[in-house]
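Analysis of the macromolecular model
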Amino acid sequence: AQSVSQHNHHVILSEAASLELGCNYSYGGTVNLFWYVQYPGQHLQLLLKYFSGDPLVKGIKGFEAEFIKSKFSFNLRKPSVQWSDTAEYFCAVNAKGRRALTFGSGTRLQVQP
Amino acid sequence: SQTIHQWPATLVQPVGSPLSLECTVEGTSNPNLYWYRQAAGRGLQLLFYSVGIGQISSEVPQNLSASRPQDRQFILSSKKLLLSDSGFYLCAWSIPGPGSGANVLTFGAGSRLTVL
C-alpha cells in the first residue's frame, strides 16, 4: 500500500526565510505527486503537481517542488516566505492506475512578520 | 464553472445517533467523488470514492457508509455514531477517467462533526 510521510509537523519561520518541507512516499512504481495547501478558513486547494517530465515543478505563489525518484521524495520549497504563506501544507501521492490520493499528515507553517 | 457544495458545515451529534452529510457537484458530468476525513495531526484519510452512480469503493472498514444516488450527489452516512467519528469531513471531485487528470482533486469546504 502507498503511504506518505511528512516529517515536519509544525514549522515556524520569519518572513523572507527560505522554506523546505519534506515529503517521502513509499511506492516503487510510477506515481503522481501533489502538494495541497489549506489557508486559514479556506478550502484545501492544489499548490502544484508532478505527473511526468521535468522533476522540478513550479506551482502558484512562487512555490516549487523537486521529485527525486531515487529518494522517493517530493520536497516543497520557497526561497522567501511571506506572512500570507501561513497555512497547512499536505503532500499527496497516487500510484498510476489507482483512483484516489493518499495524503500525508500535513505540515502547519506559521510565518511571523 | 464547477462548484462543490457540502452541508451541513457544522454538526454536533450524540453518540449512537445517525449521520447524513451531503455533497453535490455542479458544472460537470460523471465526476469521480471522494469522502476524506481530516483528524488533527493525522492528515486526510480516504474513506470512500465513487466513479459512478451506485458504485462505491470503501478504503477503511468502519461504521460509516456512502451512497451515490445521483450522478453529482455523494452522501456519507452512519446508523450509529461513535466518539471516534468526530472529525472534519471533506468531499472532493475530479474529472472522470483513468488519466492523470483524474488525480487532481477539488475539495469542498468541509463538514465539522463533533460526537459527544
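Anything mentioned here points back to the structure above.
Remember, predicted model here, so these are calculated numbers, not experimental data.

Digging into the overall build of chain B
The number of helices and strands found in chain B is zero helices and eleven strands. Reading chain B from its N terminus to its C terminus gives the helix and strand order β-β-β-β-β-β-β-β-β-β-β. Taking 13 Å as the expected radius of gyration for a compact globule of 116 residues, we find that chain B reaches 14 Å, a close match to that expectation. For chain B, the spread of C-alpha atoms along the principal axes amounts to about 40 × 30 × 25 Å. Looking at chain B as a whole, 47% of its 116 residues qualify as buried. Looking at chain B alone, contacts between residues at least 24 apart form 56% of all its contacts between residues at least 6 apart. Carbon and sulfur atoms form 55% of the exposed surface of chain B, whose accessible area is close to 5200 Å². Where the 7 positive side-chain charges of chain B centre and where its 5 negative ones centre are 8 Å apart.

Focus: the interface of chain A and chain B
Taken together, the contact between chain A and chain B spans 20 residues of the former and 23 residues of the latter. Contact between chain A and chain B buries roughly 1700 Å² in total, counting both sides, with carbon and sulfur atoms accounting for 55%. Along the contact surface separating chain A from chain B lie zero salt bridges. Here chain A is connected to chain B by five residue pairs in polar contact (both at pLDDT 80 or more). Counting only elements with at least two residues in the side of chain A that touches chain B, the list comes to strand S5 (31–38), strand S6 (44–50) and strand S10 (87–95) of chain A. If you tally residues by element for the side of chain A that touches chain B, the top one is S5(A), at four residues. Grouping the amino acids of the side of chain A that touches chain B by side-chain chemistry returns nine nonpolar, six polar and five charged.

A few points about the packing of aromatic side chains
Residue and element names in this part refer to chain A. Across all of its chains, the model carries 14 aromatic pairs over all chains by this definition. Here the aromatic rings of phenylalanine 63 and tyrosine 89 are separated by 5.6 Å at their centres, their planes lie at 45°, and the arrangement is tilted. Pair noted here: phenylalanine 63 is in the loop between strand S7 (56–58) and strand S8 (64–68) and tyrosine 89 is in strand S10, with a separation of 26 residues, a long-range link. With relative accessibility at 1%, the residue phenylalanine 63 sits in the buried group. The ring of phenylalanine 51 carries the charged tip of lysine 49 above its face, separated from the ring centre by 5.9 Å.

Topic: the state of the cysteines
Per the stated rule, a full pass over the model turns up two disulfides over all chains. The residue that forms a disulfide with Cys23(A) is Cys91(A), at a sulfur-sulfur distance of 1.9 Å. Looking along the S-S bond of the Cys23(A)-Cys91(A) disulfide, the torsion reads about -65°, which is the left-handed sense. In this pair, Cys23(A) is assigned in the loop between strand S3 (19–21) and strand S4 (24–26) and Cys91(A) in strand S10, connecting sequence segments 68 residues apart. Each member of the pair, Cys23(A) as well as Cys91(A), carries the same accessibility label: buried. Covalently, Cys23(B) is tied to Cys91(B) through a disulfide, its sulfur atoms 1.9 Å apart. Disulfide Cys23(B)-Cys91(B): torsion about the S-S bond near -75°, hence left-handed. With Cys23(B) in strand S3 (residues 19–26) and Cys91(B) in strand S9 (residues 87–94), the pair connects residues that are 68 residues apart, well separated along the chain. Each member of the pair, Cys23(B) together with Cys91(B), is buried.

Notes on the side chain of Thr28(B)
Residue and element names in this part refer to chain B. Looking at the element boundaries, threonine 28 is found in the loop between S3 and strand S4 (32–38). What makes threonine 28 buried here is its relative accessible area of 12%. Ignoring anything within four residues of it in the chain, the contact list for threonine 28 reads Gln2, Arg72 and Trp93.

Details of the pairing of S5(A)
Residue and element names in this part refer to chain A. Among the eight residues in S5, eight count as buried, and that is most of the element. Side chains of S5 alternate between two faces, with Val31, Leu33, Trp35 and Val37 and Asn32, Phe34, Tyr36 and Gln38 buried alike. Relative to S10, S5 runs antiparallel, the two sharing eight bridges. Note that in S10 the partner of valine 37 across the bridge is tyrosine 89. One ladder, built from six bridges, connects S5 with S6; its direction is antiparallel. Considered in S6, the bridge of tyrosine 36 is made with leucine 46. In sequence, S5 turns back onto S6 through a hairpin of five residues, with glycine 41 there showing a positive phi of about 75°.

About the criteria used
- Residues numbered from 1 in each chain as written.
- Chains lettered and ligands numbered in written order.
- Predicted model: local features only at pLDDT ≥ 70, side-chain atom pairs only at ≥ 80, totals over all residues.
- Heavy atoms only, no water.
- Helix = DSSP H or I, 4+ residues; strand = E, 2+ residues; numbered from the N terminus.
- Rg over C-alpha atoms; globule rule 2.2 N^0.38 Å.
- Buried < 20%, exposed > 50% of the residue type's maximum accessible area, 1.4 Å probe, protein only.
- Contact = heavy atoms within 4.5 Å.
- Areas by Shrake-Rupley, 256 points an atom, 1.4 Å probe, with all protein chains shown as cover.
- Lys, Arg positive; Asp, Glu negative; His and termini not counted.
- Charge placed at Lys NZ, Arg CZ, Asp CG, Glu CD.
- Buried area = accessible area lost by both parts, 1.4 Å probe.
- Salt bridge = Lys/Arg side-chain N within 4 Å of Asp/Glu carboxyl O.
- Polar contact = N/O pair within 3.5 Å; in protein donor to acceptor, adjacent residues only side chain to side chain.
- Nonpolar A, V, L, I, M, F, W, Y, C, P; charged D, E, K, R; others polar.
- Phe/Tyr/Trp six-rings, centres within 6.5 Å; stacked < 30°, edge-to-face > 60°.
- Lys NZ or Arg CZ within 6 Å of the ring centre and 35° of its normal.
- Disulfide = S-S within 2.5 Å.
- Pairing = 2+ DSSP bridges.

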